[in-house]
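Chain by chain, the residues run as shown.
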Amino acid sequence: MQRTLRTRGREVSLQKWTGGIDWFRWMTTEFSDTKPLLEAIWGIQDRDRARASNTRRWSFQGYQGWQTDTIRWGQRNGRVLWESSGSRAAATLDLSALCTGYASRIDTHCTLALSTPLPSFGTCLLGSITPTSQSRSSRSTLVGQATATNGLWLGTVGKRTAPSYIRVYDKGVEARCAAPGVLWRIEVEAKHHHARNLWEASSRNLRQSAWCASYSVQSLTSRGFSWPFGPLDDTSHDTSAGPKEKSTIQSLAAWMALSVRPAISRLRTVFTVAETLELLGLSDVAAPRGKDNA
């Protein structure tokens, strides 16, 4: 198995590698019993405070709650969203069993150390495309490269808001723990239906360091980019985002109750009931009752 890269007359080898979860976000479903989940989260945050962690207010997409070093959480309309990032994220995965819901973001990573500093390693990965690849073309995949003022090199694949987004960057510079070009990270950010499908198919595997590392590397190579060191293991991964989940009657009803109903209440402060019914396309089946004033 090839473990060396030859560049400009130098031989650079893969010294060591590891992998894991770098971000995990969970959202509970509508009308779920969140008490066991919240009690477990409070327990985690109590232990954080015992280790001198600060407790700070936290908000995200309308969810309001609290954060400590290990976990961040918030509530909105009876639902709970919690997330954890960095080295602590993997330890919080079991919380998902305490309340029905789904993963809305999962980041996996492969972090590798090179035998010799190679500041151009990221460019080697993203600048080299497999000619026979049918999964990627320069026109269909957005690729970006940037260097920060502190010398951090960052390469990206895909749109930041897309279900699948890949980052390649100099982890040693980012974490200030290694010389430039020595420690690199390939990070896959799975969101929305990609995260949901990934969790449903591979929740047990996501607890394994080697599996996460292999998944991250194959996410890059499946898009036509190169990996000069050979496969990390014999596992073949489906790195596609998978099909987008279709809305169910229950989810549509919950959306009506939690999102549409508050919007209609605001509309009634501007429009009459008859006008609101007209906006909703319901004027032929419903009529105002009582006062019709805005």
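The present account deals with the structure reproduced in this document. (Residues numbered from 1 in each chain as written. Predicted model: local features only at pLDDT ≥ 70, side-chain atom pairs only at ≥ 80, totals over all residues. Heavy atoms only, no water.)

**Thoughts on the overall build of the protein**
Heads up, the rule is: Elements are defined by DSSP. Helices are runs of H or I of four residues or more, strands are runs of E of two residues or more, and each kind is numbered from the N terminus. Three labels apply to residues, based on accessible area from a 1.4 Å probe with only protein chains included: buried if under 20% of the type maximum, exposed if over 50%, partly exposed otherwise in between. In what follows, a contact means two residues having at least one pair of non-hydrogen atoms within 4.5 Å. Areas reported here follow the Shrake-Rupley algorithm with a probe of radius 1.4 Å; residue values treat only the protein chains shown as occluding.
The helix and strand inventory of the protein stands at seven helices and 11 strands. By residue count, 43% of the 294 residues in the protein fall in the buried class. Taking contacts inside the protein between residues at least 6 apart in sequence as the whole, the part at least 24 apart equals 62%. As displayed, the protein has an accessible area near 16,300 Å², and 51% of this comes from carbon and sulfur atoms.

**Section: the nonpolar core**
Short version of the rule: We define a nonpolar core as any set of buried Ala, Val, Leu, Ile, Met, Phe, Trp, Tyr and Cys residues linked to one another through side-chain atoms lying within 4.5 Å.
The biggest cluster of nonpolar side chains holds 49 residues, and the ones touching the most others in it are F121 and W227. Tallying contributions element by element places helix α5 (residues 209-221) first for this core, with six residues. Leaving out residues up to four positions away in the same chain, F121 has contacts with L5, L112, L114, W184, W227, P228 and F229. Counting five residues, the second-largest nonpolar core is a separate cluster that includes M27, Y63, L81 and Y102.

**With respect to the packing of aromatic side chains**
For the record, the criterion: A pair of Phe, Tyr and Trp rings is counted when the ring centres sit within 6.5 Å of each other, with Trp represented by its six-membered ring. The angle between the planes then sorts it: under 30 degrees is stacked, over 60 is edge-to-face, the rest tilted. Only lysine NZ and arginine CZ atoms are considered, and such an atom sits over a ring when it is within 6 Å of the ring centre and within 35 degrees of the ring normal.
On inspection of all chains with the given rule, the structure shows 10 aromatic pairs. Seen from their ring centres, F24 and W82 are 5.5 Å apart, and the 45° between their planes marks the pair as tilted. Here F24 is found in strand β2 (residues 10-28), whereas its partner W82 is found in strand β6 (residues 79-85), with 58 residues between them in sequence. Given a relative accessible area of 0%, F24 falls into the buried group. Residues W211 and Y215 carry aromatic rings whose centres are separated by 5.2 Å and whose planes lie at 10° to one another, so their mutual orientation is stacked. Of the two residues, W211 and Y215 both sit in helix α5, four residues apart, roughly one turn of that helix. Through a chain of ring-to-ring contacts, the aromatic side chains of F121, W153, W184, W227 and F229 assemble into a single cluster. When the ring centre of W23 is taken as reference, the NZ or CZ atom of R72 above it lies at 5.1 Å.

**Side note on α5**
Owing to its 3.6 residues per turn, the α-helix aligns residues three or four sequence positions apart on the same side. Quick note on the threshold: Multiplying 1.5 Å by the helix residue count minus one yields the expected span of that helix.
Between its terminal C-alpha atoms α5 stretches 19 Å, which fits the 18 Å expected from 13 residues at 1.5 Å a residue. Among the 13 residues that make up α5, 10 are buried, leaving the element largely enclosed by the rest of the structure. Among all positions of α5, only W211, C212, A213, S214, Y215, S216, V217, Q218, S219 and L220 are buried.

**Focus: unusual backbone geometry**
Positive phi, normally seen in glycine, also occurs at A52, with a value near 75°. In this structure, A52 sits in the loop between α1 (35-50) and β3 (56-60). Even without being glycine, H192 reaches a positive phi, approximately 55°. Residue H192 is classed as partly exposed on the basis of its relative accessible area of 47%.

**Let's talk about the pairing of strand β4 (residues 63-67)**
Inclusion rule: Should DSSP find at least two bridges between two strands, the strands are taken to pair.
Both β3 and β4 contribute to a ladder of five bridges, which runs antiparallel. Within β4, the position partnered with F60 by the bridge is Y63. Hairpin connection between β3 and β4: a loop of two residues separates the two successive antiparallel strands, and Q61 in this loop has a positive phi of roughly 50°. As consecutive antiparallel partners, β4 and strand β5 (residues 72-76) are separated by four residues.

Treat this as a map of the structure, not an account of what it does.
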